[in-house]
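# Report on the structure
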Amino acid sequence: MASAEVALKHTHVEKKKKVSERYWQGSGEEKKDEAPGGSHVPGDQPAPLGSQTNQQTRASEKKKKYKAAERHGKKAITRKPDPFPGSAPVPEEKRLKFRRKMKIDQLPQHLTKLRRVVASSQAESEITEKESARHDQLLLQEDAGFLEGDEDEDTCTISQEDIADAVDITAGAKYFNLNLSQFGPYRLDYSKTGRQLLLGGRRGHVACLDWQTKQLLCEINVMETVNDVKWLHSEAMYAVAQKKWLYIYDSSGIELHCIRKFNDVLRMQFLPYHFLLATASATGFLQYLDVSVGKEVAAVGTKAGRLDVMCQNPQNAIIHLGHSNGTVTLWSPNQKEAIVKMLCHHGGVRSVAVDKTGTYMVTSGMDKKLKVFDLRSFKPFQSYFLPAGASSLALSHRGLLSAATGDIVQVYRDVWNTPVKKPYMAHKVHGAVWGLHFCPYEDVLGVGHGEGFTSMLVPGAGEPNFDGLDSNPYRSAKQRQEWEVKALLEKIQPELISLDPGKLSQVDYATFKQKHQDKVKVLGYDPLARDKFKPRMRKKGRSSTGGVIRRKNQVAHEDKREIIITTLKEKAESAKERKKNNNGQTSAVQRSALDRFKKRAAP
């Protein structure tokens with residue numbers, strides 16, 4: 001038994017192992033190592049700097065420091081202060097690129113709600129403007145490059161073959177010729193995204209293709225004269241101005257509509273944000289067709305004869321027409337008369353073009369002159385003399401001007417900033433030029449001539465950065481459908497087309513004053529003449545809300561009653577005087593039919 005008791009004393013049940021401490025459970029105080037028996041081992045050295053004990057000590061000291069700082073209401077700074085606090089400043093030049101409207105400061109003081117709404121709108125637009133300018137370098141990294149020659153070398157002497165050999169294979173493939181001499185001359189139009197090309201031959205040939213991949217979408221022959229072709233809101237439909245009427249086709253060549261109300265159409269322009277197709281006819285009529293509903297919006301008789309010179313202002317959707325008497329007229333579907341008439345040439349106008357910003361207009365006439373006008377003041381800005389004159393004009397997104405004289409196409413650079421002495425580029429085609437058009441977002445100029453079509457390479461012509469929400473060249477069919485629905489919902493009504501679109505966001509003070517005067521005449525008093533009566537609040541809660549309103553209305557009615565009584569008296573007196581005067585005049589003026597037989601008294 002004794003041996004058993006001794007054995008029980010030393011069993012594993014009695015032995016308790018010491019639980020090992022974790023590093024997060026330390027108290028931060030330095031502990032000394034102990035021997036297994038509990039005695040202190042002499043000669044122990046302090047822990048090294050990188051040991052676990054020192055790290056715990058430093059962490060606990062930091063915690064105490066933060067708690068003491070929070071107790072006294074101070075912030076503990078863990079790093080050096082930023083020498084440049086806040087966001088980076090944005091240069092004013094970059095902000096001007098994204099500015100959409102000017103600030104409105106002249107608002108009446110009593111229109112507090114309107115002032116609050118305008119202030120919040122301006123604050124949001126300013127934030128958007130700053131963010132867009134700040135991310136401009138990150139998002140829009142592409143830049144337009146121009147053609148530069150060697151020393152003493154003119155860029156106009158460089159041929160298209162040399163440019164195509166110098167650039168990469170993809171860009172070199174954009175220079176090509178289509179030999180279509182059987183049905184020419186040709187007019188052309190690029191889609192809004194710049195991917196599709198539409199060709200219309202004078203002798204009835206119509207074709208649309210993806211000009212980058214050279215894939216033919218459709219090709220038909222309408223068996224009559226074609227005057228002009230134009231893409232509509234998307235690459236799924238296009239309009240053809242034939243000899244008699246206007247026809248609408250889809251991208252596979254199937255005829256969708258024949259609009260006989262639009263007859264003898266010579267030129268067409270499509271307004272993409274209004275879904276309007278503007279047509280100019282040989283009978284002198286300017287007509288607008290809403291392609292979203294298929295109805296005629298307006299028909300204006302210009303009384304200026306045959307209309308074969310036409311272009312649009314992309315900024316405000318105003319139509320510019322050139323006439324044989326040397327004038328250029330500006331038209332809107334809201335008015336039956338021309339908004340502006342400008343005498344531009346001493347002979348007939350041959351071609352008109354307006355830049356993307358709507359600031360400059362370029363015209364060419366029978367007097368062999370090419371003129372640049374400032375549309376803000378409607379005055380000539382520059383004037384150039386061309387020996388043979390220019391039959392067709394076109395402006396690119398970057399401001400390059402192409403002018404066709406016979407079978408030679410010349411491209412000019414900065415025609416409105418400084419006087420130009422020589423062209424930027426020149427190219428000779430195989431026939432007389434009949435149509436010019438720059439491809440959007442590409443350094444390509446399309447030339448339609450008597451022998452077919454030529455695609456020229458013009459470095460620096462296209463805008464390198466496109467807006468993917470507006471016109472995306474790489475969009476899919478699903479994206480195109482969604483964009484079309486959104487564009488229809490955001491369609492601008494034709495009533496909003498005006499010469500200055502900025503006036504739509506301004507307050508019409510003249511109309512406001514006129515309405516105020518009419519209101520004063522009707523009421524007999526000026527409601528804004530003085531401040532309204534504000535009743536005093538009584539003590540001890542005796543001023544209920546209903547009582548305050550009752551007293552306020554009573555004073556207002558008393559003021560109105562006096563004014564109304566005086567105005568009624570004045571009206572009654574004036575009516576009596578008018579009645580007396582009318583009675584006297586009628587008695588003196590009334591005569592019988594036999595009065596002419598009465599003998600007149602001798603003088």
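These numbers come from a predicted model, not from an experiment. (Residues numbered from 1 in each chain as written. Predicted model: local features only at pLDDT ≥ 70, side-chain atom pairs only at ≥ 80, totals over all residues. Heavy atoms only, no water.)

## A few points about unusual backbone geometry
At the junction of Gly184 and Pro185, the peptide bond is cis and its omega measures out at 0° in the coordinates. Among the structural elements, Pro185 can be located in the loop between β1 (176–179) and β2 (186–190). For Asp264, which is not glycine, the phi torsion reads 55° and is therefore positive. Mapping Asp264 onto the fold places it in the loop between β9 (255–263) and β10 (265–271). (Helix = DSSP H or I, 4+ residues; strand = E, 2+ residues; numbered from the N terminus.)

## Examining a negative patch on the surface
The grouping of Asp150, Glu151, Asp152, Glu153, Glu161, Asp162 and Asp165 at the surface amounts to a negative patch. Inspection of the secondary structure puts Glu151 in the loop between α5 (136–139) and α6 (160–166). Owing to a relative accessible area of 77%, Glu151 belongs among the exposed residues under this scheme. (Patch = residues over 30% accessible without salt bridge, like charges linked within 9 Å, V, L, I, M, F, W, Y side chains within 5 Å. Areas by Shrake-Rupley, 256 points an atom, 1.4 Å probe, with all protein chains shown as cover. Salt bridge = Lys/Arg side-chain N within 4 Å of Asp/Glu carboxyl O. Lys, Arg positive; Asp, Glu negative; His and termini not counted. Charge placed at Lys NZ, Arg CZ, Asp CG, Glu CD. Buried < 20%, exposed > 50% of the residue type's maximum accessible area, 1.4 Å probe, protein only.)

## Re the nonpolar core
Residues Tyr190, Leu197, Leu445, Val447 and Val458 are the most contacted members of the largest nonpolar core, which totals 33 residues. When residues of this core are traced back to their parent elements, those giving at least two are α6, β2, β3 (196–201), β24 (408–412), β26 (433–438), β27 (444–449) and β28 (452–457). In contact with Tyr190, other than residues within four places in its own chain, are Gln196, Leu197, Trp211, Trp231, His437, Phe438, Cys439, Pro440, Val444, Gly446 and Phe453. Counting 30 residues, the second-largest nonpolar core is a separate cluster that includes Leu276, Val300, Val352 and Ile497. (Core = buried A, V, L, I, M, F, W, Y, C linked by side-chain atoms within 4.5 Å. Contact = heavy atoms within 4.5 Å.)

## Comments concerning the packing of aromatic side chains
This model, assessed by the stated rule, comprises 10 aromatic pairs. Centre to centre, the rings of Tyr360 and Trp416 are 4.8 Å apart; their planes meet at 5°, and the pair counts as stacked. Remark: Trp416 occurs in the loop between β24 and β25 (425–428) and Tyr360 occurs in strand β19 (residues 360–365); sequence separation between them is 56 residues. Tyr360 gets classed as buried once you look at its relative accessible area, which sits at 14%. The residue whose ring lies beneath Arg260 is Trp245, and the NZ or CZ to ring-centre distance is 4.7 Å. Here the basic side chain of Arg413 rests over the ring of Tyr424, its NZ or CZ set 5.9 Å away from the ring centre. (Phe/Tyr/Trp six-rings, centres within 6.5 Å; stacked < 30°, edge-to-face > 60°. Lys NZ or Arg CZ within 6 Å of the ring centre and 35° of its normal.)

## What about the sheet that holds β2?
Pairing in this open sheet of four strands is antiparallel, and the strands run β2-β3-β4-β5 from one edge to the other. Two strands bound the open sheet, and with one partner strand each, they are β2 and β5 (215–221). Between one strand and the next, the sheet's axes are offset by a mean angle of 15°, whatever the strand orientation. (Pairing = 2+ DSSP bridges. Axes fitted to C-alpha atoms, helices over the stretch in contact; angles between N-to-C directions.)

## A closer look at the pairing of strand β18 (residues 349–354)
Most of β18 sits out of view: five of its six residues are buried. Inspection of the sheet shows β18 paired to β19 by five bridges, in the antiparallel sense. In the sheet register, Ala353 faces β19, and the bridge partner there is Val362. Taking the residues that link successive antiparallel strands as the turn, the β18-β19 hairpin has five residues, and the phi of Gly358 there is positive, at about 75°.

## Section: helix α4 (residues 112–134)
Across its 23 residues, α4 extends 33 Å between first and last C-alpha, which sits within 8% of the 33 Å expected from 1.5 Å per residue. Of all the positions in α4, only Val118, Gln122, Glu129 and Ala133 are classed as buried. (Expected span 1.5 Å × (residues − 1).)

## Side note on the sheet that holds β18
If you trace the four strands from one edge of the open sheet to the other, you get β18-β19-β20-β21, paired in antiparallel fashion. Across the chains shown, the open sheet's two edge strands, defined by having one partner strand only, are β18 and β21 (379–385). Here the strands of the sheet are splayed against their neighbours by 20° on average, with no regard to which way each runs. Bridge analysis of β19 against strand β20 (residues 369–374) gives five bridges, and the strand direction is antiparallel. Bridge pairing in β20 places Thr363 opposite Lys371.

By themselves, these figures tell us nothing about what the structure is for.
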